[in-house]
Amino acid sequence: MTKLSVNINKIATLRNSRGGNVPDLIQVAKDVQRFGGQGITIHPRPDERHIKYQDALDLKSVVHTEYNIEGNPIAKFVDLVLKIKPTQVTLVPDAEDAITSNAGWDTIKHKAFLQEVISEFKANGIRTSIFVDAVPAMIEGAKQTGTDRIELYTEDFAKDYAAGKGDASVKPYRDCAIVANAIDLGINAGHDLSLDNIKYFKENIPGLLEVSIGHALICESIYMGLDNVVNMYLNKLK
Ligand SMILES: CC(=O)[C@@H](O)[C@H](O)COP(=O)(O)O
Ligand SMILES: NCC(=O)COP(=O)(O)O
């Protein structure tokens, strides 16, 4: 089974655009779970342009499914995650000024650093995942860091699938999933997944445990409603 974790960054972006509390991020997190969402993902960035550090703390008591916090493990982020102790932390090597995540870890170059932060999170009972490109050497490198899972960075898949490339769009990801399964690394995936591409991705990735989806899911909900859209994803992930 593949779990759906809904990334609510975009709800915070909309709220922040007016400075008040509409839409109410906490209520949306409650509603996503009531509608069947199996997790909540947030990706607080150092400039707090969408999720604020206080949001991350406030969500702790309302997320009764899986709470996944993503981000670059700078000191401020590590402190926040250790304070909250979510279900999972996903480490993403994004620059402070990145518009959105745009690369996976070089798990070979940053092995020692990743080993250090991952061991601290795991010692605190937090499952770890690291964001990686679909490159087999990076999956093997991830195993050496001690992480529980990887998150496959799916932007290239989404672009290639939309361009009609069919099997070529998913093949690098399937190859990496086969490697990950063989070395007992759990597999998550995310970035630019949508109602258009999720079923094809899921069907082609053996052992896909979880997807985190935000941008497309919130955009689709403008037309079709959040409850409806969450359930459309759940059907496609069965
Ligand atoms: C790691 C990943 O792909 C997502 O967390 C994405 O980075 C969402 O972040 P933004 O909402 O800031 O684009
Ligand atoms: N980890 C990926 C994520 O949380 C959502 O990415 P996107 O759907 O907003 O591209």
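Not measured: the values here are computed from a predicted model.

## As for the overall build of the protein chain
Counting its regular elements, the protein chain contains 11 helices and 8 strands. Against the globule reference of 18 Å for 238 residues, the protein chain gives a C-alpha radius of gyration of 17 Å, in line with a compact fold. Principal-axis analysis of the C-alpha atoms places the extent of the protein chain at approximately 45 × 40 × 30 Å. Per-residue burial over the protein chain gives 44% buried out of 238 residues. Within the protein chain, residue pairs in contact and separated by at least 24 positions form 65% of the contacts whose partners lie at least 6 positions apart.

## Quick word on the pairing of strand 7 (residues 186-190)
Within strand 7, 4 of the 5 residues are buried, which leaves it mostly tucked inside the rest of the structure. Of the pairings in the sheet, the one linking strand 6 (residues 149-153) to strand 7 comprises 5 bridges and is parallel in character. Bridge pairing in strand 7 links Ile 150 to Ile 187. Examined bridge by bridge, strand 7 and strand 8 (residues 208-213) share 4 bridges and lie parallel to one another. Within strand 8, the residue paired with Ile 187 across the bridge is Leu 208. Once the chain exits strand 7 it traverses helix 9 (residues 198-204) before rejoining the sheet at strand 8, and the crossover so formed is right-handed.

## Some points on the UniProt feature "active site" (unreviewed entry) in the protein chain
Per the UniProt record, the feature "active site" (unreviewed entry) sits at His 43, Glu 70 and His 191. These annotated residues cover 149 residues of sequence, and their C-alpha atoms all fall within 12.1 Å of one another, placing them together at a single site. Overall, the presence of 27 C-beta atoms within 10 Å leaves Glu 70 in the buried class. Every residue in contact with Glu 70, bar those within four places of it in the chain, is listed here: Thr 41, His 43, Thr 90 and Val 92. Along the chain, His 191 turns up in the loop between strand 7 and helix 9. On the neighbour-count criterion, His 191 (25 C-beta atoms within 10 Å) is buried. The contacts of His 191, once residues within four sequence positions are left out, are Ser 101, Tyr 153, Thr 154 and Glu 155.

## Considerations on the packing of helix 5 (residues 111-123) against helix 6 (residues 136-145)
At a minimum axis distance of 8 Å, the contact between helix 5 and helix 6 shows a crossing angle of 45°. Comparing their axes, helix 6 and helix 5 come out oblique. The crossing of helix 5 and helix 6 is right-handed. Between helix 5 and helix 6, the contacting residues are Lys 111, Leu 114, Gln 115 and Ile 118 on the first element and Gly 141, Gln 144 and Thr 145 on the second. Here the residues of the contact of helix 5 with helix 6 are counted per class, giving 2 nonpolar, 4 polar and 1 charged.

## A word on the packing of helix 6 against helix 8 (residues 167-182)
It is at 9 Å that the axes of helix 6 and helix 8 come closest, and there the two elements cross at 25°. In this view, helix 6 runs roughly parallel relative to helix 8, as classed from their interaxial angle. Considering the relative orientation of helix 6 and helix 8, their crossing is right-handed. Residues Pro 136, Ile 139 and Glu 140 of helix 6 form the contact with helix 8, whose participating residues are Asp 175, Cys 176, Val 179 and Ala 180. Counted by class, the contact of helix 6 with helix 8 contains 5 nonpolar, no polar and 2 charged residues.

## What to know about the site of ligand 2
Around ligand 2 there are 13 residues in total, and Asn 7, Gly 190, Ser 212, Gly 214 and His 215 lie nearest to it. Of all the secondary-structure elements, those providing two or more residues to the shell around ligand 2 are strand 8 and helix 10 (215-224). In terms of residue class, the shell around ligand 2 is built from 3 nonpolar, 7 polar and 3 charged.

## Details of the sheet that holds strand 8
Taken together, 8 strands build a closed barrel; the order of strands is 1-2-3-4-5-6-7-8 and the barrel is parallel. On average, each strand axis in the sheet is tilted by 25° relative to the strand beside it, whichever way the strands run. The pairing of strand 1 (residues 3-7) with strand 8 spans 4 bridges and is parallel. Opposite Leu 4, over in strand 8, you have Val 211 as the bridge partner.

Calculation notes
- Residues numbered from 1 in each chain as written.
- Chains lettered and ligands numbered in written order.
- Predicted model: local features only at pLDDT ≥ 70, side-chain atom pairs only at ≥ 80, totals over all residues.
- Helix = DSSP H or I, 4+ residues; strand = E, 2+ residues; numbered from the N terminus.
- Rg over C-alpha atoms; globule rule 2.2 N^0.38 Å.
- Buried ≥ 20, exposed ≤ 12 C-beta atoms within 10 Å, placed from the backbone.
- Contact = placed C-beta atoms within 7 Å.
- Pairing = 2+ DSSP bridges.
- Right-handed = clockwise from strand over helix to strand, strands pointing away.
- UniProt positions renumbered as here; feature names shortened; annotations may be inferred.
- Axes fitted to C-alpha atoms, helices over the stretch in contact; angles between N-to-C directions.
- Parallel < 35°, antiparallel > 145°, perpendicular 65-115°, else oblique.
- Left-handed = near helix turned anticlockwise from the far one by under 90°.
- Nonpolar A, V, L, I, M, F, W, Y, C, P; charged D, E, K, R; others polar.
- Near = placed C-beta within 6 Å.

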